[in-house]
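Chain by chain, the residues:
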Amino acid sequence: MEGLLLRLSSLDADAENAVRVIGFFDRLIATRTSLDAIVRKASGLAECPLGVSSPARGLQVGGPTPAHATRRELEDGTIVWLARAGKPLPLDDMVLERFSIAVALSLELSRVPLPALGDPALVELVLSDSAGEAERSRALHLLELKPTTPLRVLAVKGTPTGLSAALGPLHAVLATNEIPDQDGEVGISTQVPAINAPAAWAEARTALRFASVSHPAVRADDLGSQIALASLSREEIAKLPDVIALDALDQQLLTVLAALARTNSNRKAATAIHRHHSTIPARIAQAETALGFPIDTPAGRFRLHLALVLRHLRDN
């Protein structure tokens, strides 16, 4: 049926094409298509955005309702809309009518109770890649958040503080205002609309990989282009010559190099690791011999820092 319709813009508003539109939505209803898929498929048919909005249900699919959209209101106050930028097409009214019927039936079929207010399962649902936009917006509503609420997601390796859920070995924390202090290493996503929380959760986990004892809290905003390094696999990193060279060094020398890369100063590095600064040049000379490049130049410091970061990502 979807294939028969081809492009709505090429159809006339005659009885045969109206039946095609009706059949298209009847098929979605008969197969109990999810609300997210109904919105997506209807938008594809109409070649313009369609959506659903119900503040009372905490439901928003397809984004905020555009000001110029044509709207229909369902019995419970839910708004369905079609937003065409140009002139209306002959079958737009038919599409919106059948779309509203499909949405109404989908909402009746999907009235499965969500977890109670404050339940960590709601946080899991908000962060889930597999949850649809409808489920996510309802979960946000029960958490007293709007789909457009600015939100950061924290990935915590330790004891969480704030609205959180345990996801495997990590805890996920939702932060809408000030970022709460965490007990342990933490990765912090950029700020996104709450409806985009799954992407923020992935970003927070990536930022967490850069965290360490000396730098326990890492914001994705501060990583810049370094975040691209996280796309390399452990196997790819393990084959890099500079990483292999670092693996051959003893832990004391690695500690000196990490402090040097972090402080960019022999004296500050010595202070950071509680050593006398006069011992640092000899350790640097030893490291340069093992690594095969000088580390007292800007290029050398950058290469050292890059190798240390890559090694850390491989092991974290």
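Residues numbered from 1 in each chain as written. Predicted model: local features only at pLDDT ≥ 70, side-chain atom pairs only at ≥ 80, totals over all residues. Heavy atoms only, no water.

## Quick look at the overall build of the chain
Thought 1: When its secondary structure is counted, the chain shows 14 helices and 10 strands.
Thought 2: Along the three orthogonal principal directions, the C-alpha set of the chain runs to about 90 × 40 × 30 Å.
Thought 3: Considering the chain as a whole, with its 316 residues, one finds that 43% of them fall into the buried category.
Thought 4: In the chain, 62% of the contacts between residues at least 6 apart in sequence involve partners at least 24 apart.
Thought 5: Carbon and sulfur atoms provide 54% of the accessible area of the chain, an area that totals close to 16,200 Å².
Thought 6: The distance from the centre of the 32 positive side-chain charges to the centre of the 35 negative ones in the chain is 5 Å. (Helix = DSSP H or I, 4+ residues; strand = E, 2+ residues; numbered from the N terminus. Buried < 20%, exposed > 50% of the residue type's maximum accessible area, 1.4 Å probe, protein only. Contact = heavy atoms within 4.5 Å. Areas by Shrake-Rupley, 256 points an atom, 1.4 Å probe, with all protein chains shown as cover. Lys, Arg positive; Asp, Glu negative; His and termini not counted. Charge placed at Lys NZ, Arg CZ, Asp CG, Glu CD.)

## Some thoughts on the pattern of salt bridges
Close approach of charged atoms allows side chains with opposite charge to pair.
Thought 1: A complete count under the given rule lists nine salt bridges for this structure.
Thought 2: The partner of D92 in a salt bridge is R84, and the shortest N-O contact between them spans 2.8 Å. One exposure class covers both D92 and R84, and it is buried.
Thought 3: Two residues, D242 and R303, come together in a salt bridge whose shortest N-O distance is 2.7 Å. Of this pair, D242 sits in helix 10 (residues 241-247) while R303 is found in helix 14 (residues 298-315), placing the two residues 61 residues apart along the sequence. (Salt bridge = Lys/Arg side-chain N within 4 Å of Asp/Glu carboxyl O.)

## So, the layout of surface pockets
Thought 1: Taken as a whole, the largest pocket holds about 840 Å³ of empty space.
Thought 2: Forming the walls of the largest pocket are 25 residues, and the residues nearest its centre are S212, S214, A258, R262 and H312.
Thought 3: Looking at the lining of the largest pocket, the elements that each hand over two or more residues are strand 10 (217-219), helix 8 (220-223), helix 11 (251-263) and helix 14.
Thought 4: For the lining of the largest pocket, the element with the most residues is helix 11, which contributes seven residues.
Thought 5: Partitioned by chemical class, the residues of the lining of the largest pocket number 12 nonpolar, eight polar and five charged. (1 Å grid on protein atoms, 1.4 Å probe; cavity = no way out; pocket = protein on both sides within 12 Å on 5 of 7 lines; lining within 4 Å. Points joined across faces, edges and corners; volume = space filled by probe spheres on them. Nonpolar A, V, L, I, M, F, W, Y, C, P; charged D, E, K, R; others polar.)

## Re the packing of helix 11 against helix 13 (residues 280-291)
Thought 1: Viewed as axis vectors pointing N to C, helix 11 and helix 13 meet at an angle of 100 degrees, and their least axial separation amounts to 10 Å. Put simply, helix 11 runs roughly perpendicular to helix 13. Of helix 13, the residues touching helix 11 (which contributes Q252, L253, V256, L257 and L260) are I280, R283, I284, Q286, A287 and L291.
Thought 2: Looking at the contact of helix 11 with helix 13 residue by residue, the classes come out as eight nonpolar, two polar and one charged. (Axes fitted to C-alpha atoms, helices over the stretch in contact; angles between N-to-C directions. Parallel < 35°, antiparallel > 145°, perpendicular 65-115°, else oblique.)

## Considering the pairing of strand 4 (residues 79-82)
Thought 1: Taking every second residue as pointing to the same face, both faces of strand 4 are buried, with I79 and W81 on one and V80 and L82 on the other.
Thought 2: As judged from the four bridges shared by strand 3 (residues 70-73) and strand 4, these two strands associate in the antiparallel manner. Looking across to strand 4, one finds that R72 is bridged to V80.
Thought 3: Adjacent in sequence and paired antiparallel, strand 3 and strand 4 are bridged by five residues, among which G77 carries a positive phi angle near 95 degrees. (Pairing = 2+ DSSP bridges.)

## Digging into the side chain of R301
Thought 1: With respect to the element layout, R301 can be found in helix 14.
Thought 2: Not counting chain neighbours up to four residues away, the residues in contact with R301 comprise L260, N264, S265, N266, I295 and D296.

## Structural notes on the sheet that holds strand 3
Thought 1: Across the sheet, four strands lie side by side as 2-1-4-3; this open sheet has antiparallel pairing. The sheet is open, and its two edges are formed by strand 2 (59-61) and strand 3, each paired on a single side. Across the sheet, the mean angle separating the axes of adjacent strands is 20 degrees when strand polarity is ignored.
Thought 2: Packing of helix 3 (residues 35-46) onto the sheet brings it into contact with strand 1 (50-54), strand 2 and strand 4, and relative to strand 1 it is tilted by some 145 degrees.

## Re the packing of aromatic side chains
Thought 1: Throughout the structure, instances matching the rule amount to one aromatic pair.
Thought 2: Both rings, one in F24 and one in F25, keep their centres 5.1 Å apart while their planes meet at 85 degrees; by these two values the pair is edge-to-face. The residues F24 and F25 share a single accessibility class, namely buried. (Phe/Tyr/Trp six-rings, centres within 6.5 Å; stacked < 30°, edge-to-face > 60°.)

## Quick notes on the pairing of strand 6 (residues 163-167)
Thought 1: Sheet analysis places strand 6 next to strand 7 (residues 170-175), joined by five bridges and oriented antiparallel. Paired with L163 across the two strands is L174, which belongs to strand 7.
Thought 2: With antiparallel pairing between neighbouring strands as the criterion, strand 6 and strand 7 make up a hairpin whose turn holds two residues, including G168 at a positive phi of roughly 65 degrees.

The values are spatial; any link to function lies outside them.
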